[in-house]
Structure formats: C-alpha cells, structure tokens
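Structure assessment
Here is how the chains run, residue by residue.
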Amino acid sequence: MNVTAAQVKERARELRFDLCGVARARKLDPALLDRWLANGWDAGLAYVRERREERLDPSRLLPGARSVIVVAASYGPSPDDPQPTPSGLEVARYARGRDYHNVVLKPVRKLAAWLRERSVSVYAEVDAGAVMEKAWAQEAGLGWIGKNGCLIHERFGSWLLLGALITDAPLEPDAPHPDRCGDCALCIPACPTQAIREPRYVDSARCIAYHTIEHRQAIPEEIARRAGRRIFGCDACQEVCPWNRRAIPATLVQLRARTPSLEVSEVLPLTAAEARRRFEGTPLMRAGRDGLVRTALAVGEIPPAEAARLAQDSAPGVRAQAQRLLATQSAEGKVSTLPLAAPASGESR
C-alpha cells in the first residue's frame, strides 16, 4: 500500500476540505451509544438501532479495517450572508445552501477513488451510513464533541459537515482531541425544548430539528409552542457556543447561505411538484412539501381559511396539524364552525 497519512491529508486539501485527520480503526466503547438508546433518546429511529454493531465496529463495514479518515467542510456563516426576514420562518444554517450530502460526498468519493488507485480498500460515506462520524472525528483530532452533541473545532466552531472513509491502509493516526468545553454549559439552557438531557446527550423526541425534519406526523403541541419561527432545523445550541463567535466563514460556494427563511405565504400553497422544482438539491427536500407545510402550520401565523383548506389535505401530518390549529382557532373564536373530517386518501405528492 503506497500511501501515507501525509499524502491523504494533502489530497484532502486539494479537494478543498477544511480539515482531515486519521484514527486507528478499532471497536468504539459502546457505553455512550447504548445509554442514548436505553433512554429512548433516539425517538425510535429504527435505522440507528438496526445497525448498532456496524456503528461501533468499523471492521463490520470493511473487513480488515486499519484506519478511519475523517474530513470536514465548514458551513460557517459570513457577515455577507442573507439573513432571515422579520416575518419569515427560519431555516437552520446548514440547510440554507446546497445539500451537503452531495456537496461533501462528491470530493469524498474522489478521495476514495484516489485511495483505490493505490490498492487501498475503502468504505466511504457522508451522514448516510453506519459510521459514527463525530466520535471518529474526535479520535482523529478534528475537534471534540461538545455538550450540545456537536463536533467543535477551535477555528471553525461547530459549523462543520463530516465525511468518513474506512480503509485497510495502516496510516499513522493523529492524537485524539481533548475536550475543551471546560465549565461552559451555555448550550444546555439555550435549547428551547430542553432536549439536551445531560451533557452530550440529545433527546431526539424533544429536539426541534428532529420534529421539523425527520418526524412525519403532527408536531407535539409543547414542541410547536417552543419552536419559535423555525421551519427546518434549529441552531439555538450552536448560536450561544463561544467557539462559534470567531468561527471562520465557509469557503465552499455551494455551502454558503441562499435561503435563510421562508414566508408562510409561499409555503402553504406549495404542491409537491412546486416543492421539488424549488428545493431540489437542498436539504429542505428531506422534509419535502408535506413536512414544510406541516411545520408552517405548527409555528406560523395562519389565516383560518388556510387552516380550513389544509384540514382537507391528503397528507396525514398536514391534515392533523391543520385540524389541531382549527380547533384552537375555534376555541379562540376565530372561526365559527369546523370543517368535516378530510378523506383519508388523495394526492398531495
């Protein structure tokens, strides 16, 4: 195997990654993951539990694994970035540009191809497989996992997107990064829903990001009340982090902010086709038309006529959220009658 850690890092720089580190492949301590799962803080995400063994042991993904390469690209904000409008529903920073899965995956695949040309076997992924990227990033010296569960770097803060490559090359490992949160715990009380149950443990069932992105049904009332005007994701625990006050802005154009917020008036009329046409290639398509409309109903100021129209929507989450809103508006005297229950089938997509 004619490759060294220094050569890998140089190639990563050529591919415009901000950081690259190497860790020795080994079984990870299962205690942190198992405690999270045992407490039900995964909100029942089946794909996490189903691949537990692979998450802990890189040799399950690549037999003969010797090294884990971790790369990072910054999406740090710039003073020149467009800001959310006063009336808009806010989009999390990572989702304001192009879809990071595609932006980061392309150079990760190029790095993997470069390694294979040197007779190295590689398993590569970007937030879509069974690799615990943040744990390996700390092992590879890229930063430390903060009390909000995010990876933090001294220069880039926590505005980082990660990719991981498991290889059978015996590369020289970097030293694991020490924890530098110290006594700071600003992120814990900053969470609007108290989702950070204890340092480094986030309860997905209370997390605004989970409910606005992954969850498909109506958003629980308590979460919706505390979500502010967030339509997709949440940065509250990162915005108060002192390491982010001096973070270096992103250099990759594709990750720079384009859509910091959406107006209620532009979200509610969306059809599935219109959502695809507008948001294809961005993280917002993870929620899709149904998720965006559902969340707008939960956190926006909605005219009763729009709530009534969407109470007949074919998407179960949209329909349930609209019917709940109508019931609230009726109790407040904003509507005189409630619509009949919507049919269970139909076409919103």
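First things first, this report covers the structure right here in the doc. In this text, all values refer to a predicted model and were calculated from it rather than measured experimentally.

Attention now goes to the packing of helix α13 (residues 288–299) against helix α15 (residues 316–331). It is at 8 Å that the axes of α13 and α15 come closest, and there the two elements cross at 10°. When the axis of α13 is compared with that of α15, the two are roughly parallel. Of the residues in α15, those in contact with Arg289, Asp290, Val293, Arg294, Leu297 and Ala298 of α13 are Gly317, Val318, Gln321, Ala322 and Leu325. Class assignment of the residues belonging to the contact of α13 with α15 gives a composition of 6 nonpolar, 2 polar and 3 charged.

The strand order across the open sheet formed by 4 strands is β1-β2-β7-β4, and the pairing between neighbours is antiparallel. Taken across any chain shown, the strands that pair with only one partner, and hence form the sheet edges, are β1 (19–24) and β4 (122–125). Across the sheet, the mean angle from the axis of one strand to that of its neighbour is 20°, orientation sign disregarded. In terms of strand pairing, β4 meets strand β7 (residues 160–167) through 4 bridges, oriented antiparallel. For Val122, the partnering residue across the bridge sits in β7 and is Thr167. Packed onto the sheet, helix α1 (residues 5–14) meets β1 and β2 (67–74) and runs at close to 150° relative to β1. Its contacts with the sheet place helix α5 (residues 100–116) against β2, β4 and β7, and it is angled at close to 25° to β7.

Formed by 39 residues in total, the largest nonpolar core has its most connected members in Trp36, Val70, Val131, Trp136, Leu142, Leu151 and Ile166. Of all the elements in the fold, those that place two or more residues in this core are β1, α2 (31–38), β2, α6 (133–139) and β7. Top element by residues in this core is β7. It accounts for 4 residues. Ignoring anything within four residues of it in the chain, the contact list for Val131 reads Leu61, Tyr123, Glu125, Trp136, Ala164 and Ile166. Core analysis: the next-biggest nonpolar cluster, separate from the first, contains 37 residues, Leu89, Ile223, Val267 and Ala322 among them.

What follows covers the environment of Cys184. Tracing the sequence through the fold places Cys184 in the loop between β7 and α7 (187–190). With 77 residues separating them in the primary sequence, Cys184 and Pro107 have C-alpha atoms 35 Å apart. Each residue touching Cys184, except ones within four places of it in the same chain, is listed here: Lys147 and Pro242.

Within the chain, Arg16 stands out as a residue other than glycine whose phi angle is a positive 75°. Relative to the helices and strands, Arg16 is located in the loop between α1 and β1. If you check the backbone angles, Gln194 has positive phi at about 55° while not being a glycine. Relative to the elements of secondary structure, Gln194 occurs in the loop between α7 and β8 (196–198).

In this section: α5. Here α5 spans 24 Å end to end across 17 residues, near enough to the 24 Å set by a 1.5 Å rise per residue. Of the positions making up α5, those classed as buried are Tyr100, Val103, Val104, Leu105, Pro107, Val108, Leu111, Ala112, Trp114 and Leu115. Those residues of α5 hidden inside the fold are in contact with α1, β2, β4 and β7.

As a further point, take the packing of aromatic side chains. Using the criterion set out here, one finds 5 aromatic pairs in the structure. Where Tyr75 meets Trp159, the ring centres are 5.7 Å apart and the plane angle is 75°; that geometry is what we call edge-to-face. Taken together, the positions of Tyr75 in the loop between β2 and β3 (89–91) and Trp159 in the loop between β6 (151–152) and β7 put the pair 84 residues apart, joining distant regions of the chain. Among the residues examined, Tyr75 registers a relative accessible area of 8% and is labelled buried. With a centroid separation of 6.2 Å and 45° between ring planes, the pair formed by Tyr94 and Phe232 is classed as tilted. You can see Tyr94 sitting in the loop between β3 and α5 and its partner Phe232 sitting in strand β10 (residues 230–232), a full 138 residues away along the chain. A relative accessible area of 0% means that Phe232 is categorised as buried.

Here we come to the environment of Gly317. Position of Gly317 relative to the elements: it lies in helix α15. Given a relative accessible area of 5%, Gly317 falls into the buried group. Remark: the alpha-carbon pair of Gly317 and Arg294, spanning 23 residues in sequence, is separated by 6.2 Å. When residues no more than four places from it in sequence are discounted, the contact partners of Gly317 are Arg216, Gln217, Ala218 and Arg294.

Glancing now at the pattern of salt bridges. Taken as a whole, this structure holds 23 salt bridges when the rule is applied. We note a salt bridge from Glu54 to Arg51, for which the minimum N-O separation is 2.7 Å. Taking the relative accessible area as the measure of exposure, Glu54 reaches 23% and is therefore partly exposed. Taking the relative accessible area as the measure of exposure, Arg51 reaches 27% and is therefore partly exposed. Measuring nitrogen to oxygen at the nearest pair gives 2.4 Å for the salt bridge that ties Arg200 to Asp179. Taken together, the residues span a long stretch of sequence, with Arg200 in the loop between β8 and β9 (201–202) and Asp179 in the loop between β7 and α7 at a distance of 21 residues. Judged by its relative accessible area of 30%, Arg200 is partly exposed.

Conventions used here
Residues numbered from 1 in each chain as written. Predicted model: local features only at pLDDT ≥ 70, side-chain atom pairs only at ≥ 80, totals over all residues. Heavy atoms only, no water. Axes fitted to C-alpha atoms, helices over the stretch in contact; angles between N-to-C directions. Helix = DSSP H or I, 4+ residues; strand = E, 2+ residues; numbered from the N terminus. Parallel < 35°, antiparallel > 145°, perpendicular 65-115°, else oblique. Contact = heavy atoms within 4.5 Å. Nonpolar A, V, L, I, M, F, W, Y, C, P; charged D, E, K, R; others polar. Pairing = 2+ DSSP bridges. Core = buried A, V, L, I, M, F, W, Y, C linked by side-chain atoms within 4.5 Å. Buried < 20%, exposed > 50% of the residue type's maximum accessible area, 1.4 Å probe, protein only. Expected span 1.5 Å × (residues − 1). Phe/Tyr/Trp six-rings, centres within 6.5 Å; stacked < 30°, edge-to-face > 60°. Salt bridge = Lys/Arg side-chain N within 4 Å of Asp/Glu carboxyl O.

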